[in-house]
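As a plain string of letters, each chain reads:
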Amino acid sequence: MKTLWNKNLILLFIFQLSSALLFSQRQMESLDRGLIAVKEKNHFYIGWRVLGTDADDLAFNLYRKSGTKPAVLVNEKPITGATNVFDEKANPKEDNTWFVKTVVNGVEKETKGSFTITANSDDKNYLSIPLKKVTGYTPNDISVGDLDGDGRYELIVHMTGRGADNSFKGLTDPPIFQAYTLDGKFLWEINLGKNIREGAHYTQFMVYDLDGDGIAELVCKTADGTTDSQNNVVGDATKDWRDTDQKSATFGKILQGPEYLTVFDGKTGKLVNTVPYIPERGDIGKWGGRGGNGKNDNTGNRVDRFTACVAYLDGIHPSVVMCRGYYGRIVIAAFDFKDKKLSSRWVFDTKDGKNPFSGMGNHGLSVADVDNDGKDEIIFGSMVVDDDGKGLYTTGFRHGDALHVSDLDPELPGQEVFGVHEIEEGTKGPGVALFSAANGKVLFTAMDDEDVGRGVADNVDSTRIGAQMWWSGSNGLYDIKGNKIGEAPKSTNFLIYWDGDTSREILNSNYIDKYGKGRIFTAEGASSNNGTKSTPALSADILGDWREELILRSADNSELRIYSTKIPTTIRQYTLMHDSQYRLAIAWQNVGYNQPPHTSFYMGTGMKPAPKPNIKLVP
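Computed from a predicted structure; not experimentally measured. (Residues numbered from 1 in each chain as written. Predicted model: local features only at pLDDT ≥ 70, side-chain atom pairs only at ≥ 80, totals over all residues. Heavy atoms only, no water.)

## Overview of the overall build of the protein chain
Under the convention used in this document: A run of H or I in DSSP becomes a helix once it reaches four residues, and a run of E becomes a strand once it reaches two; helices and strands are each numbered from the N terminus. Each radius of gyration is computed over the set of C-alpha atoms, and the globule rule expresses the reference value as 2.2 Å times the number of residues to the power 0.38. Throughout this description, buried means an accessible area under 20% of the type-specific maximum (1.4 Å probe, protein chains only), exposed means over 50%, and partly exposed covers the range between. Note on contacts: a residue pair qualifies if any of its non-hydrogen atoms lie within 4.5 Å across the two residues. We get accessible surface area from the Shrake-Rupley algorithm with a probe of 1.4 Å; when it comes to residues, only the shown protein chains can shield them. Under the convention used here, Asp and Glu are negative, Lys and Arg are positive, and both His and the chain ends fall outside the count. The location of each charge is read from NZ of Lys, CZ of Arg, CG of Asp or CD of Glu.
Secondary structure summary: the protein chain contains two helices and 42 strands in total. Rg of the C-alpha trace for the protein chain: 24 Å, near the compact-globule value of 25 Å for 619 residues, within the 12% margin. Every one of the 619 residues in the protein chain was classed for burial, and the buried ones make up 60%. Sequence-distant contacts, at least 24 apart, represent 60% of the contacts inside the protein chain between residues at least 6 apart. On the protein chain, roughly 24300 Å² of surface is accessible, and the fraction owed to carbon and sulfur atoms is 50%. The protein chain carries 70 positive and 82 negative side-chain charges, and their two centres are separated by 1 Å.

This is the structure:
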């Protein structure tokens, strides 16, 4: 009888645990319909988003209001398929505003989101966001968040002046953040001050609604002299912790003084809460570890390598995660934000080079629920940290520059991790590796003992099912099983959903290519960021249907330009921003060597309908 009772108790516990995971809903943004209209020669392209919480059979009616005339219905019958329409009856000489209503059982319901094109608007193929000029600065990485709770995204722009890589000396300009609406209205500016160094590996900024009040926060590392939008100062503004000795090996670096983590209110840019930064720098000469580039230094190269992300570590609420180090010692610290206060959740620390996780980091990272328990893990190059802050596994392949995590092979259960690795300084191992995200099982390797700088994996060949892989120095395009199937694309930088099918297009600099077909779009007069990496300011599904927008700076740095596809599609898909993994990828896209976002499910040729996201829209 006792044995039976124990078995029943175990079964009850398992049932309760599985039920809790099944019904746990992640808090997500409550978005409007994201409607966008793009002028063509004799008509207008209109697109809008399906929400992740919408019923599959939800229908829409599209309306146009021209000037002072009553609104008219554009479609002949409710739209149940793809959410894009060509409006050929709109008069381009009038002010036109489009909006949609949902239709359930023949009954219409109001829904948020509209878009206006005025009669005197230029025939631009982009939205223009004029920038508030900061002398000597250019717009760089961008993140998005709903800063005012209206269901529409705003832009947070990292303005950069003089910068320097950690491996170089030299003074830099203070990093600056500016916020804008999609209508081009300037909202606020934050200056991180002279005690935060500018560079790709220093200032990682997270924009996310961390406390579920419908307003996104901005979180980043700060220091003495950081000034918010209302001239509130962090720490002691009189302090200058920079090494200003031009003869010093650390000239221009900031290796002394207090370090902070600060939350800023997204609506106002005002400082909300500041706590000591974790992980602290400690002894700067003890951040070495295993493998190439793993040796210690006293010049601030290894100690000041930062990454960051947001993750649902409890499966419901987002936590902000700050990381330090990847060549050797790695410390990852998770924080929760509640009642306007930051609190430490856990700290993962490899401590020294003997730890098998030491040196396994990356110039970026990803977030995914790799073990399907409803909670997120941190995929950091060759290693994975579990939701509880404990190491899940490491492949031992050491650090690298590019990382892609998704269901790359739809024939295998779960997700896969594709990455390239810097094999250098006498180390051995694969320069390219594909492994199971759940347990690190190696599925494919290539480029043995060779240093590979860049690599990409996704479904770009629309004639084939599953992802394809290619990398710098490769002699071809490979399927996800490792078979060579054709020529590699000419670039290995970025990806975008742009045309009408579910396979990905290749984004590089200011142009988009379709594999096997060539150039399909060029953003004339616009420029990419970050040198030869040629990355966009941001690429994300922020407007229209499920295809992604491309945000670039103008060549003269006077404005941001938001490009949205005008190519029709027959595919109905809820907004990618309601897939938690994709949304979190937009938050970390600005980190280190920027990488394209991926969904939690296989998206591409031959895909099954995307699983409904288990989310709760807030507030």
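Okay, back to it.
## A closer look at the pairing of strand E25 (residues 391-394)
On a regular strand, one side chain projects to one face of the sheet and the next to the other, so that they alternate. To be explicit about the condition: Pairs of strands are assigned from DSSP output, requiring at least two bridges between the strands.
In the sheet, strand E24 (residues 383-385) pairs with E25 via three bridges, with the strands oriented antiparallel. Note on E25: the bridge partner recorded for valine 384 is tyrosine 393. If you look at the hairpin formed by E24 and E25, you'll find five residues sitting between the two strands, and glycine 389 has a positive phi there, around 85°.

## Points about the packing of aromatic side chains
To keep it simple, the criterion reads: Under the pairing criterion, centres of Phe, Tyr and Trp rings, with the six-membered ring standing for Trp, must be within 6.5 Å; the plane angle then separates stacked pairs below 30 degrees from edge-to-face pairs above 60, leaving the rest tilted. By definition, being over a ring means that NZ of Lys or CZ of Arg is both within 6 Å of the ring centre and within 35 degrees of the ring normal.
Tallying each qualifying case throughout the model produces 21 aromatic pairs. With a centroid separation of 5.7 Å and an interplanar angle of 80°, the aromatic rings of phenylalanine 348 and phenylalanine 357 are classed as edge-to-face. Relative accessible area serves as the criterion here: at 11%, phenylalanine 357 is assigned to the buried category. Between tryptophan 498 and phenylalanine 521, the aromatic rings sit 4.9 Å apart at their centres with planes inclined by 40°, giving tilted as the arrangement. Residue tryptophan 498 is located in the loop between strand E34 (494-496) and strand E35 (505-508), and its partner phenylalanine 521 is located in strand E37 (residues 518-522); the two are separated by 23 residues in the primary sequence. An aromatic cluster of at least three residues, connected via ring pairs, comprises Tyr126, Trp498, Phe521 and Tyr563. The ring of tyrosine 63 carries the charged tip of lysine 101 above its face, separated from the ring centre by 5.3 Å. Above the ring of tyrosine 511, the side-chain terminus of arginine 519 is found at 3.8 Å from the ring centroid.

## A closer look at the pattern of salt bridges
Put simply, the test is: Criterion for a salt bridge: a side-chain nitrogen of Lys or Arg within 4 Å of a carboxyl oxygen of Asp or Glu.
As enumerated under the stated definition, the model contains 35 salt bridges in all. Put simply, aspartate 165 and arginine 305 hold a salt bridge, and the shortest N to O gap is 3.5 Å. Note that aspartate 165 is positioned in the loop between strand E11 (154-160) and strand E12 (176-181) and arginine 305 in the loop between strand E17 (271-276) and strand E18 (306-311), a separation of 140 residues in sequence. The partner of lysine 481 in a salt bridge is glutamate 411, with the nearest N and O atoms 3.3 Å apart. Taken together, the positions of lysine 481 in the loop between strand E32 (477-479) and strand E33 (484-486) and glutamate 411 in the loop between strand E26 (403-406) and strand E27 (416-420) put the pair 70 residues apart, joining distant regions of the chain.

## Concerning the side chain of serine 503
For clarity, the threshold we go by: Pairs of N or O atoms within 3.5 Å make up the polar contacts considered here, provided that, within protein, one atom can donate a hydrogen while the other can accept it, and that residues adjacent in sequence are counted only when both atoms are side-chain atoms.
As for its position among the elements, serine 503 is in the loop between E34 and E35. Here serine 503 falls in the buried class, since its relative accessible area comes to 0%. One polar contact links serine 503 to aspartate 501, side chain to side chain, over a distance of 2.9 Å. Residues contacting serine 503, with those up to four places away along its chain left out, are Asn459, Val460, Ser462, Tyr497, Lys514, Gly604 and Thr605.

## Describing the sheet that holds strand E5 (residues 72-73)
With respect to topology, four strands assemble into an open sheet ordered E5-E4-E7-E8, the strand pairing being antiparallel. In this open sheet, the two edge strands, each paired with only one partner strand, are E5 and strand E8 (107-117).

## Comments concerning helix H2 (residues 580-588)
Residues separated by three or four positions in an α-helix point in the same direction, a consequence of the helix having 3.6 residues per turn. Judged by how many residues are buried, H2 sits mostly within the fold: nine of nine residues are covered. For H2, the full list of buried residues reads Ser580, Gln581, Tyr582, Arg583, Leu584, Ala585, Ile586, Ala587 and Trp588.

## Thoughts on the UniProt feature "domain: Rhamnogalacturonan I lyase beta-sheet" (unreviewed entry) in the protein chain
Note the threshold: UniProt positions are given in the numbering used here, feature names are shortened, and annotations may be inferred rather than shown by experiment.
The positions UniProt marks with the feature "domain: Rhamnogalacturonan I lyase beta-sheet" (unreviewed entry) are residues 26-113. Strand forms 48% of residues 26-113 and helix 0%; the C-alpha atoms that close the span are 24 Å apart.

## What about the nonpolar core?
Quick note on the threshold: Definition used in this section: a nonpolar core is a set of buried Ala, Val, Leu, Ile, Met, Phe, Trp, Tyr and Cys residues joined via side-chain atoms within 4.5 Å. What marks off one domain from the next here is an automatic or database domain assignment.
In terms of nonpolar packing, the biggest core is built from 52 residues, with Trp48, Trp98, Leu155, Ile542 and Ile551 touching the most fellow members. Taken domain by domain, this core gets at least three of its residues from each of domain 1 (26-124) and domain 2 (136-277). In contact with leucine 155, other than residues within four places in its own chain, are Ile129, Ile142, Ser143, Val144, Gln178, Ala179, Tyr180, Leu182, Ile551, Leu560 and Ile562. Ranked by size, the runner-up nonpolar core spans 46 residues in total, among them Ala311, Ile330, Leu584 and Trp588.

## Looking at the sheet that holds strand E29 (residues 442-448)
Keep this limit in mind: Think of each axis as a best-fit line through the C-alpha atoms, taken over the contacting stretch in the case of a helix, with angles from 0 to 180 degrees between the N-to-C directions.
Judged by pairing direction, the sheet is antiparallel, and its four strands sit side by side in the order E26-E27-E28-E29 without closing on themselves. Whereas interior strands pair on both sides, the edge strands pair on one side only; in this sheet they are E26 and E29. Taking the axes of each pair of neighbouring strands and ignoring which way they run, one obtains an average angle of 10° across the sheet.

## Brief notes about the side chain of aspartate 386
Examined against the element boundaries, aspartate 386 turns out to sit in the loop between E24 and E25. With no salt bridge to any partner, buried aspartate 386 finds its closest opposite charge in lysine 375, at an N-O distance of 8.2 Å. Once residues lying within four places of it in the same chain are set aside, the contact partners of aspartate 386 are Trp346, Asp371, Asp376, Glu377 and Leu392.

## Here we look at unusual backbone geometry
Each neighbour pair has its own omega, and for isoleucine 278 with proline 279 the value is 5°, a cis peptide bond. Tracing the sequence through the fold places proline 279 in the loop between E17 and E18. Following valine 618, the chain continues to proline 619 via a peptide bond in cis, the omega torsion being 5°. With respect to the helices, strands and loops of the structure, proline 619 is situated in the segment after strand E42 (615-618). For asparagine 557, which is not glycine, the phi torsion reads 65° and is therefore positive. Within the secondary structure, asparagine 557 is located in the loop between strand E40 (549-554) and strand E41 (559-563).

## Some details on the environment of asparagine 594
By secondary structure assignment, the location of asparagine 594 is in the loop between H2 and E42. Residue classification places asparagine 594 among the buried residues on the basis of a relative accessible area of 5%. Along the primary structure asparagine 594 and alanine 537 are separated by 57 residues, whereas in three dimensions their C-alpha atoms are 9.5 Å apart. Excluding residues within four positions of it along the chain, asparagine 594 makes contact with Asp141, Phe494, Asn530, Thr535, Pro536 and Gln589. Only 3.2 Å separates the side chain of asparagine 594 from the backbone oxygen of glutamine 589, close enough to count as a polar contact.

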